Amino acid sequence: MTIATDPPKESFRLSMLINDTRYRSYTFQAIALLALIVIFSILGNNLAQNLAAAGLNISYEFLGDPAGYDINQQPIPYDSQSTHMRASIVGALNTLIVAFLACVTATIFGVIAGVLRLSNNWIISKLMSLYVEAFRNVPVLIWIIIIFTVTANVFPQPREFRGDNPTASMVGEAVAFTNRGVYVPKPVFESGGWLVVGVFLASIAGIFLWRRYARNVLFDTGRVVPVFLPSLAIFFVPALVAYFVLGRPIGLEYPELRGFNFQGGLTIRGSLIALWFALAIYTGAFIAENVRAGILAISKGQTEAAAALGLRSGRIMNLVILPQALRVIIPPLISQYLNITKNSSLAIAVGYMDLTGTLGGITLNQTGRAIESVLLLMLFYLTFSLAISALMNVYNNSIKLKER
Amino acid sequence: MSDTHAQTVAFVRHTEIPPAPPPPGQAGAVKWMRENLFSGWFNTIMTLLGIYIIYSLVMGIFPWIANGVWGVDNIRECREITQGNGGACFAVIEQRWQQLLFGFEYPSTEYWRPTLAFVLLFVAVAPVLFLNLPRAMLVFTGIYPFLAYFLIWGGTILIPITAMLGFVAGYFAFKQLERNSFAVGLFGAVAAALITWWVTGFIVDAAPNLLALPEVASRNMGGFMLNMILGTVCVSLSLPIGIALALGRQSHMPIIKWICVVFIEFIRGVPLITLLFVANVVLAYFFPPETSLDLILRVIIMITMFSSAYIAEVIRGGLAALPRGQYEAADSLGLDYAQATRLIIMPQALKISIPGIVNVAVGLFKDTTLVSVISMFDLVGMIRGPILSSTDWAGVYWELWAFASVLFFVVCYGISQYSQWLERKLQTGHR
């Protein structure tokens, strides 16, 4: 009779650090850590030597000094006496503005192109393929510059709007396309204006509540509560009522030709337009591919099964295809948004004053604080990207297929 | 009863009616158009809209090309000839194509060198891209980097040859020592290469001008050639680094894993342009005071870091897509980590991730235009700088940008078509 016994306990020997797979990983990690420390200390040492030789130091005090340069698009008040810090904040806001605009527009372009590329219409699907391939395969920098050139050379000059017999005219007396930018009416809030906006936002929340209510009623009692028309009513009625009850507190300020240029209204500069549309069209081509892939990923059996259950085609789309396709589409969509944000740093090529143009451009050149500026620049983009990625992970986990 | 029957059946057909052709609306082009272009009011509107868009595109572009002007010296002569008929000034491309392709400082007598290097690139890449070509061609792929360096940068042939000798020595040392263990082989290879370089260094010093081509400094590289150099060098360098990073990120050793994670996430979180700023103004601070790396090398370092992080993520996807059983099967055969990775895991993971790698490569190639922002004269930099600001050609936008777009489109579209072809070919059927 044999008795299973534990093997004799081996005592730890030094050679096991190399030969025993249980301990070898510690050796490797120690080596890696050591190598890392050595590399960093060499780099740090070089840095210290070079800085000392150049008579520099690492300091962020320059952020408090007056910047001394102008920024042509100011979402918050700024003048040339403001600090570098404020210039950077203005730049960061400009980055976010163009990124937001481009994300929204790119999504619209991408969804339209992606859906139309799957259309039965031969001409339309070929046109959309042409769009996707043409824009995907040419660098975005070239597109930005081309569109910038268009706005600067094809649009009329402001003086062509003048005189009794102008060669150019404003669209609907409200929007003027000039080579200095596009002038659009600007909303002016008088007292109570924000209340209207608040009511409007509340009514959007109301739409969601109504939808949830309709869904609950449907699930509990089987009674179908209409959704579309009440939503439409909730969307328009309270805001319009508030608008007129409060005495039209939101007006529009139209751009007007005064002297050599347009005054008033909101100016969208050519650089913003170039960056916005180039990013939107370029990324839209990628999003179109994602959307197409997402829709194609849903097998035809799903549609047929839904049809066999007696669902109408609109409901098949809403209840069966879209929820599944979105699961495929959304993750790459978010990473396209991140790409837009990162590509918006190309603003520097057309002189749009985003963070790269202010902190990484003029501030860096004026103060010579290369290391600090580039570090802050990277930190901003990194924080933004990581925050979005974190949100995306939360979302991905929430829509993940729930399996056992 | 039989009466009525006899009367009703007056005629019985004995032969089959020959099949009639379908009605004209249901066959051929008409049917196709009905189904594909005019199947409903919405589709009809879309079709008409599409035709209108095509019409306006053609009417916009056709006169531009057809009335194009060739063979004049500057934009004024060109404008005189076109007289506002919408013709293009293709003369600018005719006059400046060398600058657009090679930059404005590359000696014009040496243009054959980068051209030859470009042509040979196809020979070198072919066995990697097309697996049915003879494997012996891979030898040329191995030689190519050194040959290309020699052709483009010039100088004595001894430098690339000794560099290659070092790699060859390392390879043989690895083959010899590999059966002890992977790590011993690796260290042996590195040692052999270093020793070879040290020894042959004396030979290079002794004969600095043997078989030398005229030397061209890095700062004289420009035009589309610079984009090609940056693209190919950085992609090929970042492949091994990306594989190492991906393996590191999958590793069970926490320290190594976290080093890789931090590196990858950091690089992927920042725009390439900030990394180019680093190359331009910061990187020099981190090297010993006496060294002076030229800008192109610093840019190559940063772009390689950039693309290796993206390639690492693609390969990690490939690793994750491998069934768990493959890892376990390799373990149960008694293979150690290096063997399992090299023989079982990597071949499959790389096969899965080839389309992704190609996408990264295309994206990277397009991104090489960003170097124009840090005042390097690549294709975009050439157009924006020397050409558009010259008195002869200031104002010729469309022709130049169209030229640049077409160059990039041809390369990128070609690569992506290859990737799609490969994807179809690699699809093993069971899905």
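Predicted model, so just to flag it, every value in this text is computed and none were measured.

What counts as what
- Each chain carries its own residue numbering, running from 1 in the written order of its sequence.
- Working convention: letters from A go to chains and numbers from 1 go to ligands, in the order in which they are written.
- In keeping with the predicted nature of the model, local features appear solely for residues at pLDDT of at least 70, side-chain atom pairs appear and are counted solely at 80 or more, and the whole-chain, interface and lining totals rest on all residues.
- A run of DSSP states H or I qualifies as a helix once it reaches four residues; a run of E qualifies as a strand once it reaches two. Both are numbered from the N-terminal end.
- Radius of gyration: over C-alpha atoms. The globule rule applied is 2.2 Å multiplied by the number of residues raised to the 0.38 power.
- Here the C-beta atoms are placed from the backbone, and a residue counts as buried if at least 20 other C-beta atoms lie within 10 Å of its own, exposed if 12 or fewer do, and partly exposed otherwise.
- Placing a C-beta atom from the backbone of each residue, one calls two residues in contact when those atoms lie within 7 Å.
- In this analysis, the expected span of each helix is defined as 1.5 Å times one less than the number of residues it contains.
- What counts as an axis is a line fitted to C-alpha atoms, over the stretch in contact for a helix, and the angles between N-to-C directions run from 0 to 180 degrees.
- Should an angle fall under 35 degrees it is called roughly parallel, over 145 degrees roughly antiparallel, and 65 to 115 degrees roughly perpendicular, with every other angle called oblique.
- Handedness of a crossing is defined here by the sense of rotation of the near helix relative to the far one, left-handed for an anticlockwise turn of less than a right angle and right-handed for a clockwise turn.
- Strand pairing is assigned whenever DSSP detects at least two bridges linking the two strands.
- Charged residues are taken to be Asp, Glu, Lys and Arg, nonpolar residues to be Ala, Val, Leu, Ile, Met, Phe, Trp, Tyr, Cys and Pro, and polar residues to be all remaining types, Gly included.
- To define a nonpolar core, we join buried Ala, Val, Leu, Ile, Met, Phe, Trp, Tyr and Cys residues through C-beta atoms within 7 Å and take the resulting set.
- The quantity called bend is, for any residue, the angle between two axes fitted respectively to the seven residues ending at it and the seven beginning at it.
- Per-residue confidence from the prediction method is given by pLDDT, with values spanning 0 to 100.

**Q** What is the right way to read the overall build of chain B from this model?
**A** For chain B, the count of helices and strands is 17 helices and zero strands. In terms of overall dimensions, chain B is more spread out than a globule: its C-alpha atoms have a radius of gyration of 31 Å, far above the 22 Å expected for 431 residues. Buried positions account for 30% of the 431 residues belonging to chain B. Restricting to contacts in chain B with at least 6 residues of sequence separation, those with at least 24 account for 66%.

**Q** Whenever I open this one, the overall build of chain A confuses me. Can you help?
**A** Along its length, chain A carries 12 helices and seven strands. The C-alpha radius of gyration computed for chain A amounts to 29 Å, which surpasses the reference 22 Å derived for 404 residues by more than 25%, pointing to a less compact arrangement than a globule. Considering only C-alpha atoms, chain A reaches an extent of 110 × 75 × 50 Å along its principal axes.

**Q** Looking at this structure, how should I read helix α13 (residues 295–321) of chain B?
**A** Since the α-helix advances by 3.6 residues per turn, residues separated by three or four positions end up pointing in the same direction. Between the first and last C-alpha of α13 of chain B there are 39 Å, a value that for 27 residues agrees with the 39 Å anticipated at 1.5 Å per step. Counted residue by residue, α13 of chain B has 19 buried out of 27 residues, so it is predominantly covered.

**Q** How should I be thinking about the packing of helix α5 (residues 140–153) of chain A against helix α17 (residues 397–426) of chain B in this particular structure?
**A** Describing two packed helices takes the angle between their axes plus the distance from one axis to the other. Viewed as axis vectors pointing N to C, α5 of chain A and α17 of chain B meet at an angle of 165 degrees, and their least axial separation amounts to 11 Å. Taken as axis vectors, α5 of chain A and α17 of chain B run roughly antiparallel relative to one another. Here the hand of the crossing between α5 of chain A and α17 of chain B comes out left-handed. When α5 of chain A is examined against α17 of chain B, the residues Ile142, Ile145, Ile146, Thr149 and Asn153 of chain A are found in contact with a partner set consisting of Tyr397, Trp401, Ala404 and Ser405 of chain B.

**Q** Can you walk me through the sheet that holds strand β2 (residues 181–184) of chain A in this structure?
**A** Whenever strands of a sheet pair, they do so through backbone hydrogen bonds, lying parallel or antiparallel. Residue and element names in this part refer to chain A. As summarised here, the arrangement of the three strands in space is β1-β2-β7, forming an open sheet in which the pairing is antiparallel. Looking at which strands have only one partner, the edges of the open sheet turn out to be β1 (176–178) and β7 (266–269). Along the sheet, successive strands turn relative to each other by an average axial angle of 20 degrees, direction set aside.

**Q** What's the story with unusual backbone geometry in this structure? I'm lost.
**A** What is expected of a backbone is that most residues other than glycine have negative phi and most peptide bonds are trans. Residues and elements named next belong to chain B. The phi angle at serine 375 is positive, at roughly 55 degrees, despite the residue not being glycine. Mapping serine 375 onto the fold places it in the loop between α15 (337–367) and α16 (379–387). According to the C-beta neighbour criterion, serine 375 is exposed, with 10 such atoms within 10 Å.

**Q** What is the right way to look at the interface of chain A and chain B in this model?
**A** Interfaces are often sized by the amount of accessible area the parts lose when they come together. Taken together, the contacts link 46 residues of chain A with 43 residues of chain B. When contributions to the side of chain A that touches chain B are tallied by element, the ones reaching two or more residues are α2 (21–54), α4 (122–136), α5, α10 (313–343), α11 (355–367) and α12 (370–399) of chain A. When residues of the side of chain A that touches chain B are assigned to their parent elements, the largest contribution, 13 residues, is made by α2 of chain A. The residue inventory of the side of chain A that touches chain B, partitioned by class, reads 29 nonpolar, 15 polar and two charged.

**Q** Help me understand the environment of valine 204 of chain B in this model?
**A** Residue and element names in this part refer to chain B. Structurally, valine 204 is set in helix α9 (residues 182–206). Judged by the 17 C-beta atoms lying within 10 Å of it, valine 204 is partly exposed. For the pair valine 204 and isoleucine 161, spaced 43 residues apart in sequence, the C-alpha to C-alpha distance is 9.8 Å. Residues contacting valine 204, with those up to four places away along its chain left out, are Thr156, Leu158, Ile159 and Thr162.

**Q** Is there a simple way to think about the environment of serine 307 of chain B in this case?
**A** Residues and elements named next belong to chain B. Position of serine 307 among the secondary structure elements: in helix α13. Given 27 C-beta atoms within a 10 Å radius, serine 307 is considered buried. The residues contacting serine 307, other than those within four sequence positions of it, are Cys234, Val235, Ser238, Val360 and Leu364.

**Q** Even after reading the chapter, I still don't get the nonpolar core, so can you show me in this structure?
**A** For soluble globular proteins, the rule of thumb is that nonpolar side chains tend to be buried together. Core analysis: the biggest nonpolar cluster contains 157 residues, and Ile144, Leu275 and Ala278 of chain A together with Leu276 of chain B have the highest contact counts within it. The element best represented in this core is helix α8 (residues 270–297) of chain A, accounting for 16 residues. The residues touching alanine 278 of chain A, leaving out its near neighbours within four places in the chain, are Val140, Trp143, Ile144 and Ile147 of chain A. Ala169, Ala173, Ala192 and Ala193 of chain B belong to the second largest nonpolar core, which has five residues in total.

**Q** How should the packing of helix α10 (residues 223–250) of chain B against α13 of chain B be read in this particular structure?
**A** Residues and elements named next belong to chain B. Viewed as axis vectors pointing N to C, α10 and α13 meet at an angle of 45 degrees, and their least axial separation amounts to 6 Å. As judged from the angle between their axes, α10 and α13 are oblique. Helix-helix and strand crossings are classified by hand; for α10 and α13 the assignment is right-handed. Residues that form the contact of α10 with α13 fall into these classes: 18 nonpolar, six polar and two charged.

**Q** I tried to follow the environment of alanine 87 of chain A on my own but got confused; where do I start?
**A** Residue and element names in this part refer to chain A. By secondary structure assignment, the location of alanine 87 is in helix α3 (residues 84–117). Between the C-alpha atom of alanine 87 and that of glycine 68, which follows or precedes it by 19 residues, the distance is 9.6 Å. Other than its neighbours up to four places away in sequence, alanine 87 contacts Ala67, Ile71, Tyr78, Ser82, Thr358 and Thr363.

**Q** In this structure, what is going on with α8 of chain A? I would like to understand it.
**A** Residue and element names in this part refer to chain A. Taking 1.5 Å of rise per residue, 28 residues should cover 40 Å, and α8 covers 40 Å from first to last C-alpha, within 8% of that figure. Within α8, the axis deviates most sharply at glycine 284, by approximately 25 degrees. Extensive coverage of α8 is indicated by the burial of 23 of its 28 residues.

**Q** Would you mind going over the confidence of the model for chain B with me for this structure?
**A** As a general rule, the predicted coordinates of low-pLDDT regions are not to be interpreted in detail. Residues and elements named next belong to chain B. Taken over all residues, the pLDDT of chain B has a mean of 85, while the share at 70 or more is 97%. α10 holds the highest mean pLDDT among the elements of chain B, 92, whereas helix α1 (residues 2–8) holds the lowest, 58. Our summary of model confidence lists the complex with pTM equal to 0.85 and ipTM equal to 0.86.

**Q** Quick question: what am I supposed to make of the pairing of β2 of chain A here?
**A** Walk down a regular strand and you will see the side chains alternate between the two sheet faces. Residues and elements named next belong to chain A. Alignment of β1 against β2, held across three bridges, turns out to be antiparallel. Counterpart to threonine 178 in the pairing with β2 is glycine 181. The loop that links β1 with its antiparallel partner β2 comprises two residues. When β2 meets β7, the two strands line up antiparallel, connected through four bridges.

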